[in-house]
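A structural walkthrough
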Amino acid sequence: MEKGGYGEIPENANEHCPGPQSESAGKSDACQGCPNQQVCATAPKGPDPDLVAIAERMATVKHKILVLSGKGGVGKSTFSAQLSFALAAMDYQVGLLDIDICGPSIPKMLGLEGQEIHQSNLGWSPVYVESNLGVMSIGFMLPNPDEAVIWRGPRKNGIIKQFLKDVYWGELDFLVVDAPPGTSDEHISIVQFLQATGIDGAIIVTTPQQVSLIDVRKEVNFCRKVGIQVLGVVENMSGLCQSLSDFKFMKPTETGEHRDVTEWALGYMREKAPELLNLIACTEVFDSSGGGATRMCQEMGVQFLGKVPLDPQLCKAAEEGRSCFADQKCGVSAPALKGIIEKLVPRASMENGSS
């Protein structure tokens, strides 16, 4: 659809379409023979009243950040969760809105599985991790976590609109919106519903290989077409890094099987070269010979925010629904994430709090 002064113009409309919100929609000479003529003539005119309700809700939210990805499985929701944990640890009032309707993973990543939404006279209440970190997701509305959400676009758009106009967040410094991968109905809806209230921009998460970056380029172009600033790109899973002492060591046998020799290998290092046990070992997982996200950002003129290594401890934190900043376990990924978040929020105070 094209955007016009009188609403979105259908792609199959006549050349001089006045727009579906125009008073002459379906009635003017330009509408004769258009397949949408009857629909436009009978459709209600004027602005969507729900947009007014959304604007009122969002009036108490200072900053709105979208977290996007071109492909699924790149760690977008993990980044959204850890960004929210970090902002809350910096004493900001934070809301995390999960609009991945068909794959809501945010409740698990925030340790909120099994929680339910409650209503008050002010609207739907978010589920709170801490007093300054609230979460809303369709995952809280499913009868069981294995329930499949099989909805067409209009119903997805309807629940996103309901989240925006009916959830009472109160005063928020940041609303982080975790979107599904791609550029589909949910993305168009969230932009359409929030654009009048002001969106600070979008963070795009990718992995280093070209098959992911191809779709990130599309995501950047989507943001440009709808007028959303790209705050930057995060290269996630940028090599596997972990302490050498956390590796499992295997020895191939003559039959082609692998025998676990971890205990022997670690014992040998302790005896012969104990200093090795303090090293962090890194290896490439995805092919980054094309320059990865760094080169893509240079070519497309967007900010590169940084790299986050594939850290098993970060994966474990996400599985357990906890912040990677709360302890020293995520010694490889937490500093990388912290550096990225401080570029977005230039306030070096994450050491002063924990989620």
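Quick caveat: nothing in here was measured; it's all calculated off a predicted structure.

This part is about the overall build of the protein. A tally of regular secondary structure across the protein gives eleven helices and 15 strands. Seen through its C-alpha atoms, the protein measures out along the principal axes to roughly 90 × 45 × 40 Å. Split into buried and exposed, the 355 residues of the protein put 47% on the buried side. Within the protein, contacts between residues at least 6 apart in sequence are counted, and of these 71% link residues at least 24 apart. Working note: accessible area of the protein is about 18000 Å², and carbon and sulfur atoms make up 50% of it. Charged side chains in the protein number 31 positive and 43 negative. The centres of these two groups are separated by 2 Å.

Moving on to the state of the cysteines. In this structure the tally under the stated criterion is one disulfide. Disulfide pairing places C241 opposite C282 at an S-S distance of 2.5 Å. On the sign convention where negative means left-handed, the S-S torsion of about 120 degrees between C241 and C282 marks this disulfide as right-handed. Here C282 lies in strand β14 (residues 280-283) and C241 lies in strand β11 (residues 230-243), a separation of 41 residues in the sequence. Note on C241: relative accessible area 9%, which makes it buried.

This paragraph deals with empty space enclosed by the protein. The rolling of a water-molecule-sized probe over the atoms marks out the regions of remaining empty space. Under the counting rule described, the total for this entry stands at two cavities of 30 Å³ or more. For the largest cavity, the calculated volume is near 90 Å³. Lining the largest cavity are 15 residues; nearest its centre among them are C17, P18, C31, C34 and C40. Grouping the constituent residues of the lining of the largest cavity by class yields ten nonpolar, five polar and no charged. Of the pockets and cavities examined, the second largest cavity occupies roughly 60 Å³. G75, T78, F79, Q82, V205, V234, N236, V308, L314 and L337 are the residues that line the second largest cavity.

The interhelical angle for the contact between helix α7 (residues 210-226) and helix α9 (residues 292-300), taken along N-to-C directions, is 35 degrees, at an axis separation of 11 Å. With respect to the hand of their crossing, α7 and α9 are arranged in right-handed fashion. Packed against α7, whose contacting residues are L213, V216, R217, V220, N221 and R224, the element α9 presents G292, A293, M296, E299 and M300 at the interface.

What follows deals with the side chain of N36. Structurally, the position occupied by N36 is in the loop between β2 (7-9) and α1 (37-42). Once you skip the residues sitting within four places of it in the chain, N36 turns out to touch P10, N12 and A13.

This next bit is on the environment of G114. Within the secondary structure, G114 sits in the loop between α4 (106-109) and β5 (118-120). Residue G114 is classed as exposed on the basis of its relative accessible area of 74%. Spatially, the C-alpha atom of G114 lies 9.5 Å from that of M141, the residues being 27 residues apart in sequence.

In this section: unusual backbone geometry. One non-glycine residue, D91, adopts positive backbone phi at about 70 degrees. Topologically, D91 is positioned in the loop between α3 (76-89) and β4 (94-98). At M237, a residue that is not glycine, the phi angle is positive and equals roughly 55 degrees. A relative accessible area of 16% means that M237 is categorised as buried.

Take the packing of helix α2 (residues 49-58) against helix α6 (residues 185-194) next. Their axes nearest at 9 Å, the elements α2 and α6 cross at an angle of 75 degrees. With respect to each other, α2 and α6 are oriented roughly perpendicular. Of the residues in α6, those in contact with L51, I54 and M58 of α2 are Q192, F193 and L194. Of the residues that constitute the contact of α2 with α6, the class distribution is five nonpolar, one polar and no charged.

Basis of the calculations
Residues numbered from 1 in each chain as written. Predicted model: local features only at pLDDT ≥ 70, side-chain atom pairs only at ≥ 80, totals over all residues. Heavy atoms only, no water. Helix = DSSP H or I, 4+ residues; strand = E, 2+ residues; numbered from the N terminus. Buried < 20%, exposed > 50% of the residue type's maximum accessible area, 1.4 Å probe, protein only. Contact = heavy atoms within 4.5 Å. Areas by Shrake-Rupley, 256 points an atom, 1.4 Å probe, with all protein chains shown as cover. Lys, Arg positive; Asp, Glu negative; His and termini not counted. Charge placed at Lys NZ, Arg CZ, Asp CG, Glu CD. Disulfide = S-S within 2.5 Å. 1 Å grid on protein atoms, 1.4 Å probe; cavity = no way out; pocket = protein on both sides within 12 Å on 5 of 7 lines; lining within 4 Å. Points joined across faces, edges and corners; volume = space filled by probe spheres on them. Nonpolar A, V, L, I, M, F, W, Y, C, P; charged D, E, K, R; others polar. Axes fitted to C-alpha atoms, helices over the stretch in contact; angles between N-to-C directions. Left-handed = near helix turned anticlockwise from the far one by under 90°. Parallel < 35°, antiparallel > 145°, perpendicular 65-115°, else oblique.

It is worth stressing that arrangement in space is one thing and function is another; only the former is reported here.
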